[in-house]
Structures are given as C-alpha cells and as structure tokens.
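# What the coordinates show
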Amino acid sequence: MKHLLWILAILASHTFLLSQEKYTISGKITEATSGEDIIGAKVKVLELDNFGAYSNEYGFYSLTLARGNYTFVYSASGLSTDTVQITLDQNTTINKEMDAEIQTEEMVEVSAVKKDENIRNAQMGVDVLDPQTLAKVPVIFGERDIIKTMQLTPGIKSGGDGNAGFYVRGGSADQNLILLDEAPVYNASHLLGFFSTFNSDAIKTATIYKGNQPAQFGGRLSSVLDVKMNEGNLKKFGVSGGIGLISSKLNVEGPIIKDKMSFLISARRTYADIFLKLSNNKDLKDASLYFYDLNAKLNYKLGEKDRLYLSGYFGRDKLGLSNFGITWGNATGTLRWNHIINSKLFSNTSFIVSNYIYDINIKSEDIKITIGSELQDYNIKQEFQYFVSNRHKLRFGLNAIHHGIVPGSVTGSSDAINAETVPSKLSLENSVFVLDEYALSDKININYGVRGTAFSLLGNGSNAYRFDNESNITDTNVYAKNKISRTYYNIEPRFSMSFSYKKNESVKVAYSRNVQNIHLISNSTSGSPTDIYIPSSDNIKPEIADQFALGWFKLSKNAKFEFSTEAYYKDLQNQIDYKDGANTQANDVLEGELRYGIGRAYGLEVYLKKTSGKLTGWLAYTISKTERKIDGINENKWYNARQDRTHDISLVGIYDFNEKHTLSATFVFYTGNAVTYPTGKYQISDETYYLYSSRNADRLPAYHRFDIAYTWVNKKTAKFESSWNFSIYNLYGHANPYIVTFEESKTVPGQTDAIQTTLFKIIPSISYNFKF
C-alpha cells in the first residue's frame, strides 16, 4: 500500500508538471503584397477570451502558453484577418503574411480592438499619426506633412508661419528629439519651416511621445518624434509621385531579389527658383529659392532570423538674394541588424551617423565672407526585447554617441577679413536603460524603467573658460584632445500606470525625468537654421525636466468616438537664456553671454476624435502656461517663455463622399506669441533708441486661419491610381502676424508706429498624385 501511494504521488506530480508545461509561439508578421513588417498587428487566442499580443516595431511577436490546442487569429487595421489552429506542444515559429484584401466587418473589429488597447495601455502622452489621415488634412502648398499635421493635436504647438520649430508641453524647439530610422535630425524643416524634412511617400509610421517617453529614448526634455521609413517592396516594383505648383516628388521601390532584398528611393524638389528666372527684376532673376531631399533604403533578409537594413537621408536648402545667401541641410545614415535570438529574445543593433550644417555667404564686388556651423554625430545602439511572459516584457540596452560641434566659423576672400573658427566642442554621451511593461491584472497595467546617462566633455586642445555673473573670464584651462575633462552623471526614472475601471474607460498616471545635454542657442524670436548648438560644459549644466501627468480616457460603445483629457505639470532645471544684447555668432566666449535658471510649465489637454463613418476628424484644445526664472534677466522674476500660449485650438473635419471624393477642412486658433515691446524711447544725435522693461510681457495678435481641401481620385484600378488635390490655405485671408517691429513715423513727428509683417494671406494650391 505504501508503494502504491508513492506511485500515485509520483504520477500526480508528473501530471501536474505536464499541466504546467509552457511553450512559445513566435514569428514575424508582414504584409503579403509588399513584404513590409507590420507594426502593432494583433495575435489573439480565441480559447483565452481573445487574450493575445501585438507585434513590435519590427513585426516580431511572441506568446507563451500552456500545452494545448489553440486557435490564433492574426489581424491588423486595413488587412483581412487570418486564422491558424495548432497543437502547441513545442516551441513553434509561424511567420504570417497578411493579405491586403479589405473586409469591412473585420476592419471594424480590428479597429475596435486596437482602440481598446489604447485605453488599457499604460503609456501616456503618445499619438500615432495615421498616414491615411495625413493624406487628407489640408496643409500649405498642398504638401502632405507629418509635422504640420502633428501640430493639430493637443499639447503640440506650431511655432507660427515661417517658424521651423514646434513646442511640446511648454518646451522649447530644441527640446524635441526627432528621429528618422533612429538617426537624430537636428533641423527638421525646409524653406524656414514651410515644409518638413519628411517626404510623406517614404514614411511608414510616425509616433510622438509628449514627455513621458519610454526609457529607450533620451537626450531631450519635451518629446520624441519617432519616424520610420518604408522598407521597400519585396514582391513587386512600384512607382508613385506627385506634381504640385512649387514642388514635385517621385518614389520608386521594388525587389532586387524577390522576397529577399528590396530597395526604396524617394526624391523631392521645389522649383520656385525656376519661376523667378522669368522675372524682369535682375535681383529676383538671379535669386535662389529651393530645397531638395532624398530618402533611400535597402532591406535584406539574411535568413529566417536575421534582417539587415541600410537607410539614409540627404537634404539641402538654398536661399539667396543679391549678395546674400544661406545654405543648410541634414544628412543621416542608419545600418540596422535585426536578429531573433530565440522565441523570446529579440535583438536590434544600429550604427548611426547624423550631420547638420549651415553656411551664410555675404559678398560684394571684391569681398566674400562665409559664416558657418556644423554638428556631427556617430552613434551605436544595442537593444534587446525579452518576452518574459504574456504579461511581462522587458526592453533593455545601451547607447553611445560621439558629438562633434563646430559652433561657428568665419572665413573671407580678403586680407581685411580675419578668418576665425570657434574650436570644436567634443563630447561623449553614454547611456544604459531598462524598461518593464507588466500587466498586474486585466485592469491594471504598468510601464516602468530607468535610464542612466554619463555625458563626458572631451578636450580639443584649446582654451576652456569659466565665467562669473558679469560674463568675465575667471579661469582658463586647456584639455588635451579627446581627454575627458568632466562627466555629468544622471539617473532618469520613468513610470506610468493605467487602471481600466470600466471596459471602455481608464485613468492613467505618469512620472518621468528627462535630461538634455545638447542645447540650442538662439537670439531670435523664431526658429532659424543658423541657431547654434552647444553641449553641456563647465558653465552649462545638463537641463533636467520632471513631468507629472494625469489623464482620463474613454472609448464609446460603438468604438466610433475616442475622448481623452490629460493634465501635466513640468518642473525644469538649468534652463538657458541669453542676456540682453548677446552676441551668438562665431563667438569664442559664447557661454559668457548666457544666463541660467529654472522653469515651469503646466496645462490641460482635451482631445475628441471620431474615427469611423463618412465624417471623421478631431477637436484638440490646450490651455497652458510656460514660464522661466533666469538669474540676471527680468530682475530675477518669473517671465513668460517665448513659446508660452494660453489657448490653442484645432478643429479638423474629413468627409468621404465615396471612394473618389473627399472634402476636408481645418480651423486653427491660438494666443499670440509672447514678445517684448518697447516701453519708452530716447534720442542721441538724432538717432532713436528704445527702452524695454519686462521680457516677453507683451503678445502678438491672436493667430487664426481656416483651410480647406478637396481630393478627387479620378482613376483607380488594380495597376494604376491617380488623384487631384485642390486646397486653399487661410481661406478668409486673415493677416496673421509674423513679426511686429517699431519705427519712427514718417508723417507724425514724435510718433512711433508698430509695423506688422505678414507672410501669407490666401494661398491656393493644386497637386496631381499618381501610383502604379
């Protein structure tokens, strides 16, 4: 009897162990017609009440389940679902190609599932820009633009007409990290902000994180814009493009080796300069006014577990009139290797190069002067994703960036011009990070992690200065080239949590600390390609932002409407501003011109979206306050940051009459930018000088405009599609202010006139787009 009990116990324990045996199903999900990786595809298990997982940014998914028979349903928005039934008794790999045939009922179901995931996801302050919506929103010159569309969402503010920057939750323009295939883009604009550097035909996805970014991102205080390029069609060749009034573009992609290797080339150029040559004015006839850019990518499948990507971007702007000209542009390159180590562990290794440069040319009959600046990054990043369980996913890795910055140089063609180059600023930015995404229960999800950074100043063999509060040099040191002179260490914790107290409602809370060591120094009221980047130094400490956020999210029962509201408070340390009358160009002692202090930003964002039906669109409203308190500025009192705006409203409506006809419109209103107006004046030798008091205590007039666009798909077959887009920017011709200047009246003695400059009133545009 005793032996029988032992046998039964052993059998019972063996049965228990068998019942606990777990296996993993994993693989990659791609689109059948192109071979492109699908981001965010859902793999759900019918037997477990639709429990499942989503594919990552490279199309990889992993699910671990107890031994048994399961039905897996693969789904993604805009694609038909696919079902696989298997007996899971060993680790299994299933790579799924999803067909592009659209089935309406499945699309609605997939869309509802995805929106429900947005409710439950712990991540806050994140928005994914839909390329299909992007194509319908009216923008200036009829050019689809990621950044312009992004500025129609809450918490993200346009810098205004003719301004290259954008502001996120009270941050300045340089506090946004803009990534193109993981490569930093330091000036993401063409033609002084009228176009962005991102050619929409080459873009696959764009995700914006408003300060509560996951731990794998770092280096900026306010936001991360993560843009990923298309990979190139592995199945067949395709050509698309567009012809507009001032610009045209062409996109070519296809297989080099079918199902194994593909390419993508996308090019764009404006040709306003061609029309200028028709002018009778010699200065205009010889003027330069254009930009061009090129996106390229290679995608190579090394095997079932390995894929290699090589992508690059190159763009240049050229503006020239008479004896003055300016050229600027970006160049990036990314070599990326994806490797599936096993069914639970995914690896991504990246080698990245990024360059930004500008030159100003001034010439006369016998003298030519060139003023320039350059920033060069070399970057290596290793990242792992470990799918611990279906409720628990780890992401960890390390990153090293070598920054080389030439803040300014002056050269001339005459002996009368003293050539001068501000010594290069060299630095090394190292970081490690770990992120844990964990579902505590069906209702509670958390996302927490930490990022550790070490920013080291490298010697360049020239003088390094220290300054007092009066900009006087107090100490001078010389550090050998590439010798570490100082290192700043920082720990950046990140945490967010969602509580789904109802099926379609949740509350979220988040905290994050971000650190920034590359700073933009600007002495203008609007973003300029000639603004100067400098690293942290003996005088400039790393900027730090602590952001707290609380939000409420709701999805309607029919999944047609989404509503969210988020409140945030941001505490800022080591903020930088220039002293009155600062000289920022080619200045070897530039850091003596700067002042430092603290800042704060807080606000409330409201977002209502309608995402299905003939009429779609959204309403975005932000009320906010952004202030700085800098030693030696404004009598050491709080003052408005130049990006401070009280109200910001965007209304977007898109009406699809049918597959061929779409009408869309936007309305934008926001409080005028904070500026400093003169409060008095005095004269010396018949010259008038103005007196200024509180910094940024005044406002430009409020900005508002109404845009409208109509899209007509005049031909659509299996092999060819073409469409026309007609749009009007600023339909009612409101004279929005670009800048206000002051000058003495020419008609009334002693009177000072305020002169408002407006860039645009009504701008109609037409473009023709095609694809085959």
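The structure presented is a predicted model; accordingly, all values stated were derived computationally and were not measured.

About the criteria used
Residues numbered from 1 in each chain as written. Predicted model: local features only at pLDDT ≥ 70, side-chain atom pairs only at ≥ 80, totals over all residues. Heavy atoms only, no water. Core = buried A, V, L, I, M, F, W, Y, C linked by side-chain atoms within 4.5 Å. Buried < 20%, exposed > 50% of the residue type's maximum accessible area, 1.4 Å probe, protein only. Contact = heavy atoms within 4.5 Å. Helix = DSSP H or I, 4+ residues; strand = E, 2+ residues; numbered from the N terminus. Polar contact = N/O pair within 3.5 Å; in protein donor to acceptor, adjacent residues only side chain to side chain. Pairing = 2+ DSSP bridges. Axes fitted to C-alpha atoms, helices over the stretch in contact; angles between N-to-C directions. Salt bridge = Lys/Arg side-chain N within 4 Å of Asp/Glu carboxyl O. pLDDT = per-residue confidence, 0-100. Phe/Tyr/Trp six-rings, centres within 6.5 Å; stacked < 30°, edge-to-face > 60°. Lys NZ or Arg CZ within 6 Å of the ring centre and 35° of its normal.

One finds Y533, I534 and W618 to be the most contacted residues of the largest nonpolar core, which totals 40 residues. Apart from residues lying up to four places away in sequence, W618 is in contact with T133, V137, T149, L152, Y607, L608, K609, S650, L651 and V652.

Turning our eyes to something else, we now look at the side chain of E505. Tracing the chain through its elements places E505 in strand β33 (residues 505-516). A relative accessible area of 10% means that E505 is categorised as buried. Here Y501 takes part through its side chain, which lies 2.5 Å from a polar atom of the side chain of E505. For E505, the contacting residues outside a window of four places in its chain are I119, F499, S500, W552, F553 and K554.

Once that is clear, we can look at the sheet that holds strand β5 (residues 68-76). Strand order in the open sheet formed by four strands is β3-β2-β5-β6, with antiparallel pairing between adjacent strands. In the strand order of this sheet, the two ends are held by β3 (51-54) and β6 (79-88), each with one partner. Each adjacent strand pair in this sheet contributes to an overall mean axis angle of 20°, direction not counted. Two elements, strand β2 (residues 42-45) and β5, share four bridges in a ladder whose sense is antiparallel. Bridge pairing links K44 to V73 in β5.

Right, let's get into the sheet that holds strand β12 (residues 176-180). Taking strand neighbours across the sheet as the criterion, the five strands line up as β9-β16-β17-β12-β13 in an open arrangement whose pairing is mixed. For this open sheet the edge positions go to β9 (126-129) and β13 (183-184), each flanked by a neighbour on one side alone. Two elements, β9 and strand β16 (residues 203-209), share four bridges in a ladder whose sense is antiparallel. Each bridged residue has a counterpart across the sheet, and for D127 the counterpart in β16 is I208.

Time to look at the environment of Y738. Among the secondary structure elements, Y738 is positioned in the loop between β48 (721-729) and β49 (739-744). Note: C-alpha distance between Y738 and T757 (19 residues apart in sequence) is 5.5 Å.

With that out of the way, let us pick up the pairing of strand β18 (residues 238-244). Within β18, five of the seven residues are buried, leaving the element largely enclosed by the surrounding structure. Alignment of β18 against strand β19 (residues 247-257), held across six bridges, turns out to be antiparallel. Looking across to β19, one finds that G238 is bridged to E253. Connecting β18 to the antiparallel partner β19 that follows it, the hairpin turn spans two residues. The sheet contact formed by β18 and strand β51 (residues 763-771) spans five bridges and is antiparallel. Paired with I243 across the strands is Y768, a residue of β51.

This part is about the pattern of salt bridges. Between side chains of opposite charge, a pair can form as their charged atoms come close. A full pass over the atoms with the stated rule returns 34 salt bridges. One salt bridge in this structure joins R268 and D293, with 2.7 Å as the shortest N-O distance. With a gap of 25 residues between them, R268 in strand β20 (residues 261-270) and D293 in strand β21 (residues 288-301) connect regions that are remote in the sequence. Each member of the pair R268 and D293 is classed as buried. Linking R645 and D648 is a salt bridge whose minimum nitrogen-to-oxygen distance equals 3.7 Å.

All right, on to the environment of D181 then. Position of D181 relative to the elements: it lies in the loop between β12 and β13. Taking C-alpha positions, D181 is 9.0 Å from R336, a pair spaced 155 residues apart along the chain. Excluding residues within four positions of it along the chain, D181 makes contact with V227, K228, M229, K297, S311, T334 and R336. Polar side-chain contacts of D181 include one of 3.1 Å to the side chain of K297.

Averaged over all residues, the pLDDT of the chain is 85; the fraction at 70 or higher stands at 89%. Looking at the elements of the chain, mean pLDDT is at its lowest for helix α1 (residues 2-20), recorded as 43, and at its highest for β33, recorded as 96. Of the regions scoring below 50 in pLDDT, residues 1-19 engages in one contact with residues more than four places distant in sequence or in other chains. Note on residues 103-113: pLDDT is under 50 here. Beyond four places in sequence and across chains, it has 14 contacts.

Checked against the element boundaries, R451 lands in strand β29 (residues 444-458). Within the local environment of R451, its side chain forms a polar contact with the backbone oxygen of A215, the two atoms lying 2.9 Å apart. Residues in contact with R451, not counting those within four places in the same chain, are A215, Q216, F217, G218, N399, S431, V432, F433, N490, I491, E492 and R494.

Further remarks concern unusual backbone geometry. Although it is not a glycine, D259 sits at a positive phi angle of roughly 65°. Looking at the secondary structure, you find D259 in the loop between β19 and β20. Here D259 falls in the partly exposed class, since its relative accessible area comes to 36%.

Okay, the packing of aromatic side chains next. This model, assessed by the stated rule, comprises 25 aromatic pairs. Taking 6.1 Å as the distance between ring centres and 15° as the angle between the ring planes, the aromatic pair formed by Y569 and Y602 counts as stacked. Taken together, the residues Y569 in strand β37 (residues 561-578) and Y602 in strand β38 (residues 594-610) connect sequence positions 33 residues apart. Note on Y569: relative accessible area 35%, which makes it partly exposed. Relative accessible area serves as the criterion here: at 34%, Y602 is assigned to the partly exposed category. Every member of this aromatic cluster is reached through a ring pair, and the members are Y710, F720, W724, F726, Y768, F770 and F772. The ring of Y290 has R269 lying over it, and the distance from NZ or CZ to the ring centre is 4.3 Å.

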